[in-house]
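Structure assessment
This is what each chain is made of:
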Amino acid sequence: MSALAVLIALGPLTGLAVALAGARARLAGLAQVTGALVAFGCALALLVELDGHPPLAGWDGFLYVDPLGGFFAMTVAGVTLLAALGSVGYVCAEEDSGGFSGFQVRLYYAFFGLFASLMLAALETGNLGLLFVLVEASTLASAALVGIEGRSRSLEAAWKYVIISSLGVTIALAGTLFLFYSGSALHLGSNLGLTWPYLFAHAHALAPQPLRLAFLLAVVGYGTKVGLAPMHTWLPDAHAEAPSPASAMLSAALLNAGMYAIIRFLAIAHARLGGTYPRAVLLSFGFASIAIGALFMVRKGNFKRLFAYSSVEHMGIIAVALGFGGTLGLYGALLQMLNHALAKSVLFLSSGDVSLRYKTREASQVSGLLAAVPVTGGALLLASFAVLGSPPFGLFLSELTIVRAGFASASPVFPLLLLFLLGLAFVAFARTTAGMVTGQPPDQLTSPYRSKAVAVSTAAPLVLGLAALLVLGLWIPVGLDTVLRHSIAVIG
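To start, this report covers the structure provided alongside it. (Residues numbered from 1 in each chain as written. Predicted model: local features only at pLDDT ≥ 70, side-chain atom pairs only at ≥ 80, totals over all residues. Heavy atoms only, no water.)

Focus on empty space enclosed by the protein
A full pass over the atoms with the stated rule returns three cavities of 30 Å³ or more. Counted as a void, the largest cavity has a volume near 70 Å³. Around the largest cavity sit Leu118, Met119, Ala122, Leu134, Val135, Ser138, Tyr222, Lys225, Leu254, Ala257, Gly258 and Ala261, which together line it. Of all the secondary-structure elements, those providing two or more residues to the lining of the largest cavity are helix H5 (102–122), helix H6 (128–146), helix H9 (208–226) and helix H11 (244–273). (1 Å grid on protein atoms, 1.4 Å probe; cavity = no way out; pocket = protein on both sides within 12 Å on 5 of 7 lines; lining within 4 Å. Points joined across faces, edges and corners; volume = space filled by probe spheres on them. Helix = DSSP H or I, 4+ residues; strand = E, 2+ residues; numbered from the N terminus.)

Right under this line is the structure:
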C-alpha cells in the first residue's frame, strides 16, 4: 500500500518533468493527463486496500492514510484528472493564439503538477508539522498559476492570494502549536506523538483551554485556505484571474484540502470538548460564509467571480453540516465535498471555453451559448442547476441530507435559515447563468481549437463530471457508501 500512496503523490509530477524538458503544450498536456490518471487509479486502489484493514502508517507517522484521507485523496485526484483534461484544450488554444508563450506553457504545467502533488501529499501525512509545510508550499505553487497570464490584475490577485493565504496558514500553525501545548501532559517526544491518530487516541488527556484556542485558530487559519468568511477575500480575485483549469483546481481541490485539516482538528476537539464549542464555531463561520456568498452572487459581473462566490457559499454549507454533526451531518458534509468538487470542476472548465470563444469573462457580454456551442452551453446550464442543489444531481441529495441533519440535531431555526439562504443563492446564480446560455449568439464566433482532438479533450471532462453528478444523484455506489461510513467512524 505504501507504493500506491507514493504514486498518488508523485503521479502529477509527470507534467512538471515533461514541461521542464521543454515539451510543447500538447505533449506536456498528454503527460499531465497520464500522471493524473495514474494518481486517480492508485487512489481508488488504495481505498479498496484500506477496506477492512488498518490505516496505512509508516515513516514515523509522516505517512498516514485512513479512509478519511483516502476519500479526500480520491476526490482531489479526480479533480486533478478533470482539470488536466481541460488543460489540454485550454493551453493549446492559448499557445496557438499567442496568449501563452512557450515559457508560460512550461511554467503552467510545471506548477500545475507541483500544486496537485503537494495537495495529495498533504492528505497522506499524519504529522501536523508536515501538513503545515505542504499546505504552505501548495500556496506558493498555486499562486504562480494565478498570476501566470502576466496581466496587472492577475499579478495583483496572485500577490493578494499569497499574502492572505500565508497569513492564514501562519494562524493555523499557531493553532497547531496550541494543540501541542494542550498535550503537555503526554510528554510528546517522538514524531508519532505529533500525529493525528496519537492525539485523537489520547484526546482525554489534552488540556481543554489550549485545545479550544487551538481549534479556533485552526478554523480561522485553514478556513482562510477554504474561503470561509470573513477570510475569503483572496478567493474571488484568484479564481477570476487564474486560467480556468487552474481555477477548477483552486475551487474543487484546494478548498477540500483545507477542509480536511479542519475536520482533523474537529475530531480531536470533539473527543475532548464535546460538541457544543466546535458546533458554535463552525455554525458561526458557516452561516457567515453562506450569507456573504449568496449576497455577492446577486451582482452580475465576471462569471468566474460568480462561481468563486458560489464556492464560498458551499464551503459554508459544509461547515454548517459539520456543525450539525451526527451521522447525517458528517455524511452530508463529505458527500457535499465530493459533489461540489465535480460540479465546480465542470463550471470552471466550461467557463474556460466560454472565455476563449467570447474573448471576455463578463457575463453581460455572453449570450446564446446554448445555441452557439451546445456542448459547453449545455454543460454550463446543467452544472449550474447541479451546483444549486437541483434534482436529479448529487448536490440535491447531499444538501437534503444536511437539512435533515439540522432538523434532527437542534432547533429548526438553523435548517430553516439554511433553506432561506439556499433559495437566495439559487435565484442570484440562476439569474446570471440563464442569461448566458439563452438569447442570440454573436454573429462571428469562431472555435479557438485547431484540431478536433483538442476540442474533444475540452468536452471530455465536462461530460465525465456531469455523468458522475447524475449518478451520485440517483445512486450512491456501495463502495462509496462504505468509504463515507468508515470516514465518519474516523472522525468520531
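Overview of the packing of aromatic side chains
Taken as a whole, this structure holds 13 aromatic pairs when the rule is applied. Ring geometry for phenylalanine 215 against tyrosine 277: centres 6.3 Å apart, planes inclined by 65 degrees, an arrangement best described as edge-to-face. One end of the pair, phenylalanine 215, is in helix H9; the other, tyrosine 277, is in helix H12 (residues 276–296), and 62 residues separate them in sequence. On the basis of relative accessibility, which here comes to 1%, the residue phenylalanine 215 falls in the buried class. (Phe/Tyr/Trp six-rings, centres within 6.5 Å; stacked < 30°, edge-to-face > 60°. Buried < 20%, exposed > 50% of the residue type's maximum accessible area, 1.4 Å probe, protein only.)

Points about unusual backbone geometry
Cis geometry is found at the peptide bond from alanine 229 to proline 230, where omega equals 5 degrees. The peptide bond linking proline 391 to proline 392 adopts the cis configuration, its omega dihedral lying at 10 degrees. You will see that tryptophan 59, though not glycine, has its phi angle at about 55 degrees, which is positive. Here tryptophan 59 lies in the loop between strand E1 (56–58) and strand E2 (63–65). Located in the positive-phi region is lysine 359, a residue other than glycine, with phi close to 60 degrees. Structurally, lysine 359 is set in the loop between helix H14 (326–358) and helix H15 (369–372). Since its relative accessible area comes to 67%, lysine 359 is described here as exposed.

With respect to the environment of serine 367
Looking at where serine 367 falls in the secondary structure, it is placed in the loop between H14 and H15. Sequence separation between serine 367 and threonine 433 is 66 residues; the distance between their C-alpha atoms is 9.4 Å. Ignoring any residue separated from it by four or fewer positions in sequence, one finds serine 367 in contact with Tyr358, Gly435, Met436, Thr438, Gln440, Pro441 and Pro442. (Contact = heavy atoms within 4.5 Å.)

Regarding the side chain of threonine 125
Relative to the elements of secondary structure, threonine 125 occurs in the loop between H5 and H6. Taking the relative accessible area as the measure of exposure, threonine 125 reaches 1% and is therefore buried. A polar contact of 2.8 Å, which involves the side chain of threonine 125, links it to the backbone oxygen of phenylalanine 62. Looking at threonine 125, its side chain comes within polar contact range of the main-chain nitrogen of asparagine 127, at 3.2 Å. Those residues in contact with threonine 125 that lie beyond four places of it in its chain are Gly61, Phe62, Tyr64, Leu130, Leu131, Leu134, Trp196 and Tyr260. (Polar contact = N/O pair within 3.5 Å; in protein donor to acceptor, adjacent residues only side chain to side chain.)

Regarding a nonpolar patch on the surface
On the surface, Phe178, Tyr181, Leu213 and Leu216 cluster together to form a nonpolar patch covering roughly 340 Å² of accessible area. Turning to its location among the elements, tyrosine 181 is positioned in helix H7 (residues 152–182). (Patch = residues over 30% accessible without salt bridge, like charges linked within 9 Å, V, L, I, M, F, W, Y side chains within 5 Å. Areas by Shrake-Rupley, 256 points an atom, 1.4 Å probe, with all protein chains shown as cover. Salt bridge = Lys/Arg side-chain N within 4 Å of Asp/Glu carboxyl O.)

What to know about the side chain of serine 351
Topologically, serine 351 is positioned in helix H14. Here serine 244 takes part through its side chain, which lies 3.4 Å from a polar atom of the side chain of serine 351. Here the side chain of serine 351 touches phenylalanine 348 through a polar contact of 2.5 Å, landing on its backbone oxygen. In this structure, serine 351 is in contact with Ser244, Phe303, Lys304 and Phe307, ignoring residues within four places of it in sequence.

A few points about helix H18 (residues 413–437)
The end-to-end C-alpha separation of H18 is 36 Å, in line with the 36 Å expected for 25 residues at 1.5 Å each. Among the residues of H18, those classed as buried are Pro415, Leu418, Leu421, Leu422, Ala425, Ala428, Phe429, Ala430, Thr432, Thr433, Met436 and Val437. Next to the buried residues of H18 lie H12, helix H13 (303–324), H14, H15, helix H16 (374–387) and helix H17 (394–409). After H18 finishes, the residue glycine 439 shows a positive phi value of roughly 85 degrees. (Expected span 1.5 Å × (residues − 1).)

Some remarks on the pattern of salt bridges
Working definition: two side chains of opposite charge can pair if their charged atoms are close together. Under the criterion given, the structure shown has 10 salt bridges. One salt bridge connects lysine 160 with aspartate 237, and the closest N-O pair in it is separated by 2.8 Å. Of this pair, lysine 160 sits in helix H7 while aspartate 237 is found in helix H10 (residues 234–241), placing the two residues 77 residues apart along the sequence. Of the residues examined, lysine 160 reaches a relative accessible area of 30% and is grouped as partly exposed. Arginine 485 serves as the salt-bridge partner of aspartate 481, at 3.1 Å between the closest nitrogen and oxygen. Separated by four residues within a single helix, aspartate 481 and arginine 485 lie in helix H20 (residues 478–491), roughly one turn from each other. Classification of arginine 485 as partly exposed rests on a relative accessible area of 46%.

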